[in-house]
Amino acid sequence: MTRLLGYADKNARAPGEPLAVMVSCVGAERYQADLVRLLSPNAGPTAPPFREAVVPSPINGEHRGRRQDMHGGSWAVIRAHRRLAAIRSFTIQAMVWPTTPEKGPQAILGTWSETAQSGYGLGLDETGQLELTLGDGTGTFRLKSGQKLFRRKWYLVAASFEAETGEAVLYQEPLADKGFAPGAPIRVAAKSKIRPSTGAGSFLFAAWLKGEADAPTSWEKMLVGGHFNGKIDRPRLASIALDRAGIVALAGNVIPAGLGEAVVALWDFSRDIHGIAIHDISANRLSGETVNLPARAMTGFNWDGSEMNWRNAPEQYGAIHFHDDDLYDARWQPDFTLDLPQDLKSGVYAIRLTQDEAYFHIPFFVTSKRDHAKAKIAYLASTATYTVYANNRGRFSAPLTELYQGRLTVFDEVDMLQYEFPDMGLSTYDRHSDGSGVCYSSRLRPITNIKPGGRMWNFGCDLFLVDWLERTGLGYDVITDDDLHREGIDLLKPYAVVVTGSHPEYDSLEMLEALDGYLRQGGRFMYMGGNGFYWRIAYHPSLPGVIEVRRSEDGTRAWDAEVGEYYHSFTGEYGGLWRRQLRAPNLLAGVGFISQGFDACSYYRLTEAATDSRVSFAFAGVEGPIVGNHGVLQGGAAGLEIDSYDPLLGSPPHALVVARSENHSNTYELVNEEVRVAHGMTDGIISPLIHADMVFFETPNGGAVFSTGSIAFAGSLGTNGFKNDVAILSTNVLKRFIDPTPFKMPTL
């Protein structure tokens, strides 16, 4: 069976710029590639017909296919060095916090090469016991602790080897904490006839060497295995066999007196937490780097709870949490480069791959050249949200999905691809294989759920809005979250109105500041979705295409950040809900997240405020009083995730709630940040708080905001060939918002 996967090096380019495209083709020798412009989603027979237009391009045609592999799992590496090569006797040690000691053999640190059966390594065996492995290429020696490690408990683990006598000693010591887990220090010793070689020379953490590939892997061409799940803190390497007192002394954060020459490396993971470098603070400077972005700013063995911010006590955040399913960059080789035509119109595009029964879209956005913006309308593509949702596996694997959706889960081709290619990495809605939350997500890998068909969520759902914009004939430019984060308010200034997607959930501070500043200068803003501006994110300061989310305190979320790990590692910013940081979505959009449900969508009922002369322009041709009682997303315009007006959270007092939804089912529950004490009045049938509010309000200097407060709203635009109340209402607002006549702030 043929399978096609691919991704591009960028998610947005301007005309004239190049786009590198990486493809993996399994089961066929050739595949077809075409540049297409996406004009609507492929949403099934009840939706308007799917529209994609092939754009003439030199890349259109057949290409030679090849398989490209992914190399998931995070680890860290120190390049070969003469000090490493000179080692005969040694001590290796670290503080470790294993999270899956039962999963099978795992590496902690060392030079062990599984393929060559050479070097030395400290790790866990198939039963979760600590194990020292020595090899010279002809034979191996293994020394085990005799007792498995407990999950999520800190240990001092160490091994020493005296080359002259062949004596190997293993130490496995639980560290004191607030719990009462059984366990006692273990010391085992044995004589080895094996004198380990230095292996390939590199020193690895959380993985061992498996050889070299013909193509680039996650790091150069190195193949690794034995990925460790858990935290590693204060790893050390000495060129003599230390006794226990020496090991304890070496675990400090300075070089012990009398051990100067024997110390090969003191790695301090609390330095440069925001980056990928790891530093050796010994004189040898055997520094290296992490691979595939293991989690940093993690509490270490010495975290005492007195400080929650890693920037204030980095010495307590010296742990790195490695996972066997991390993936930052697939590092595939480009198959072709697309040079975007100079006259290419701004919009939503894709490289469409097809062969036999297989197809795959690689979407990207064509922006206008920054000094050539001609349209009055900017469509803000939710690229940040797309990235954090990339390869969301929780939709079909989380045990509670069917309960909160109120229906059985239907597997589609998106899910099946993730089963077939599990190495594609996870979304921030998933948990790692060890149960910890995924806090980083990258676009530099194949992504199955950013596509025009299949599941209508985020990108697919947003194409309903693109379809509507196309049919208005008013012209628009596409801008992206990533560009907004980078360029700020200057990106918005040329436009009369900014239109959002259906679910702009994730935002950086820079993005919110830009939108807020734009509105204060008279800009107009159409928030066309639900549950927007909810979570704070951080972009990596130097690595492209990766975003961090720390799900702290509360919020509707797939996992909780561990206590003490609420601050982003990339920037040091506090993570979590914007609501908890004086930036509730209500301040920007007039509404904020109140509930979600996925069994059925409902409608809005116009309120008396809809007759207010301030907003009468919006309802010309709209009969009411019911609006949006139709749509391809569960039958209505109000649903999935919905927002409500709440002046206590910052909704402007002069905002007009022009329509309010009703008749939601009991799968709609109040978001947990609204429930201080558990009680029985939290579902959509009983709670009067659960409804989607459609609001309008004016902003200074002639600006205005219109918010729909519902993800499902987008799915109702195309009903009856776009001749319906939702489309009429939206177009009325859009036309008024591009009219330069200023809005006037009311006097209350």
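Please refer to the structure higher up on the page.
Please read all numbers here as calculations on a predicted model, not as lab measurements. Numbering of residues starts from 1 in each chain and follows the order in which that chain's sequence is written. Per-residue local features of the predicted model are confined to residues with pLDDT of at least 70, and side-chain atom pairs are confined, for both listing and counting, to 80 or more; whole-chain, interface and lining totals are unaffected and use all residues. By convention in this description, side-chain values take in all heavy atoms of the structure and omit both hydrogens and water.

J.: What is the right way to look at the overall build of the protein chain in this model?
T.: The helix count covers DSSP runs of H or I at least four residues long, the strand count covers runs of E at least two residues long, and both are numbered beginning at the N terminus. Across its full length, the protein chain holds twelve helices and 44 strands. In this setup the radius of gyration rests on C-alpha atoms only. A globule is expected at 2.2 Å times the number of residues raised to 0.38. Computed over C-alpha atoms, the radius of gyration of the protein chain comes to 28 Å, within 12% of the 27 Å expected from 2.2 N^0.38 for 748 residues, which places it in the range of a compact globule. By principal-axis analysis of the C-alpha atoms, the protein chain measures approximately 95 × 60 × 45 Å. Buried positions account for 63% of the 748 residues belonging to the protein chain. In what follows, residue pairs with any heavy atoms lying within 4.5 Å of each other are defined as contacts. Sequence separation of 24 or more characterises 73% of the internal contacts of the protein chain that already satisfy a separation of 6 or more. One finds the centroid of the 70 positive side-chain charges in the protein chain at a distance of 2 Å from the centroid of its 86 negative side-chain charges. Three labels apply to residues, based on accessible area from a 1.4 Å probe with only protein chains included: buried if under 20% of the type maximum, exposed if over 50%, partly exposed otherwise in between. Only four residue types enter the tally: Lys and Arg on the positive side, Asp and Glu on the negative side; His and the chain ends are excluded. In this description, the location of a charge corresponds to atom NZ of lysine, CZ of arginine, CG of aspartate or CD of glutamate.

J.: Whenever I open this one, the packing of aromatic side chains confuses me. Can you help?
T.: The description of an aromatic ring pair uses the distance of the two centres, along with the angle that the planes make with each other. Planes of paired rings set the category: under 30 degrees apart is stacked, over 60 is edge-to-face and the rest tilted, where pairs are Phe, Tyr or Trp rings (Trp by its six-membered ring) whose centres lie within 6.5 Å. Overall, the coordinates contain 33 aromatic pairs when judged by the stated rule. One cation-aromatic arrangement involves Arg551 over Trp535; the distance from NZ or CZ to the ring centre is 4.9 Å. By definition, being over a ring means that NZ of Lys or CZ of Arg is both within 6 Å of the ring centre and within 35 degrees of the ring normal. The lysine or arginine in question, Arg736, covers the ring of Phe743, its NZ or CZ lying 3.8 Å from the ring centre.

J.: What is the right way to read the side chain of Ser427 from this model?
T.: Along the chain, the position of Ser427 falls in the loop between helix H6 (413–420) and strand S29 (440–442). Given the relative accessible area of 0%, Ser427 is considered buried. Side-chain atoms alone can form a polar contact between residues adjacent in sequence; in general such a contact is a pair of N or O atoms within 3.5 Å, and within protein one must be able to donate a hydrogen while the other accepts it. Within the structure, Ser427 has its side chain in polar contact with the backbone nitrogen of Tyr429 (distance 3.0 Å). Leave out the neighbours within four places in its chain, and Ser427 touches Val388, Tyr389, Ala390, Asn391, Asn392, Arg393, Val438 and Ser441.

J.: Just checking my understanding: could you explain the layout of surface pockets for this structure?
T.: The gaps left among the atoms become clear once a water-sized probe is rolled over them. Definitions used for this entry: grid spacing 1 Å over protein atoms alone; cavity, a set of points where a 1.4 Å probe fits but cannot get out; pocket, an open set with protein on both sides within 12 Å along at least 5 of 7 lines; lining residue, one with an atom within 4 Å of a point. Grid points are joined across faces, edges and corners, and a volume is the space filled by probe spheres set on the points. The space that makes up the second largest pocket amounts to roughly 580 Å³. Trp154, Asp177, Lys178, Gly300 and Trp303 are, among the 19 residues lining the second largest pocket, the residues nearest its centre. Classifying every residue of the lining of the second largest pocket gives seven nonpolar, four polar and eight charged. All amino acids are sorted into three groups, where Ala, Val, Leu, Ile, Met, Phe, Trp, Tyr, Cys and Pro are nonpolar, Asp, Glu, Lys and Arg are charged, and the leftover types, Gly among them, are polar.

J.: Looking at this structure, I do not really get unusual backbone geometry. What am I missing?
T.: Trans peptide bonds make up most of the peptide bonds, and negative phi angles are found at most residues other than glycine. Cis geometry is found at the peptide bond from Gly624 to Pro625, where omega equals 0°. Within the fold, Pro625 resides in the loop between strand S38 (592–606) and strand S39 (626–627). Not every positive phi belongs to a glycine, and Ala206 is a case in point at roughly 65°. Mapped onto the elements of the fold, Ala206 is located in the loop between strand S16 (203–205) and strand S17 (208–212). Its relative accessible area of 0% is what places Ala206 among the buried residues.

J.: Explain the packing of helix H7 (residues 459–472) against helix H12 (residues 725–738) here, please?
T.: For any two helices packed against each other, one specifies the crossing angle of their axes together with the interaxial distance. All axes here are fitted lines through C-alpha atoms, helices being fitted over the stretch that makes contact, and every angle between N-to-C directions spans 0 to 180 degrees. In the contact formed by H7 and H12, the axes pass within 11 Å of each other and the chain directions differ by 65°. In terms of crossing hand, the pair formed by H7 and H12 is right-handed. Two secondary-structure elements touch here, H7 through Trp468, Leu469 and Thr472 and H12 through Ala727, Ser730, Thr731 and Leu734. Partitioned by chemical class, the residues of the contact of H7 with H12 number four nonpolar, three polar and no charged. Definitions for this section: a left-handed crossing has its near helix turned counterclockwise from the far helix by less than a right angle. A right-handed crossing has that turn clockwise.

J.: Mind showing me how you'd approach the environment of Pro688 here?
T.: Structurally, Pro688 is set in the loop between strand S42 (669–670) and strand S43 (693–699). For the pair Pro688 and Ala561, spaced 127 residues apart in sequence, the C-alpha to C-alpha distance is 31 Å.

J.: What's the story with the environment of Lys178 in this structure? I'm lost.
T.: Along the polypeptide, Lys178 turns up in the loop between strand S14 (167–174) and strand S15 (186–191). C-alpha separation for the pair Lys178 and Leu492, spaced 314 residues apart in sequence, amounts to 52 Å.

J.: Could you clarify how one ought to interpret the sheet that holds strand S34 (residues 535–536) in this entry?
T.: Where strands meet in a sheet, backbone hydrogen bonds hold them as pairs that are either parallel or antiparallel. As summarised here, the arrangement of the three strands in space is S32-S34-S37, forming an open sheet in which the pairing is mixed. Strands with a single pairing partner mark the edges of an open sheet, and in this sheet they are strand S32 (506–507) and strand S37 (576–577). Bridge count for S34 against S37 is two bridges, and the pairing is antiparallel. Bridge assignment links Arg536 to a residue of S37, and that residue is Gly576. Strands are treated as partners if at least two bridges between them are detected by DSSP.

J.: Whenever I open this one, the sheet that holds strand S1 (residues 3–8) confuses me. Can you help?
T.: With antiparallel pairing, three strands are arranged side by side in an open sheet as S1-S3-S25. With one partner strand each, in any of the chains shown, S1 and strand S25 (334–339) form the two edges of the open sheet. Across this sheet, the average inter-strand angle for adjacent strands is 25°, counted without regard to direction. Of the strand pairs in this sheet, strand S3 (residues 18–26) and S25 are connected by five bridges, and their pairing is antiparallel. Bridge pairing in S25 places Pro18 opposite Asp339.

J.: Any chance you could explain the nonpolar core here in plain terms?
T.: It is characteristic of soluble globular proteins that their nonpolar side chains tend to be buried jointly. In this text, buried Ala, Val, Leu, Ile, Met, Phe, Trp, Tyr and Cys residues form a nonpolar core when linked through side-chain atoms within 4.5 Å. Tyr379, Trp468, Met526 and Phe737 are the most contacted members of the largest nonpolar core, which has 114 residues in total. Counting residues per element, this core draws most heavily on H7, at eight residues. Setting aside anything within four residues of it in sequence, one finds Tyr379 in contact with Tyr386, Asp462, Leu465, Val466, Leu469, Tyr476, Asp477, Val478, Ile479, Val499, Thr500 and Gly501. Counting 49 residues, the second largest nonpolar core, distinct from the first, contains Ala76, Leu84, Val157 and Val264.

All quantities given are derived from atomic positions and should not be read as evidence of function.
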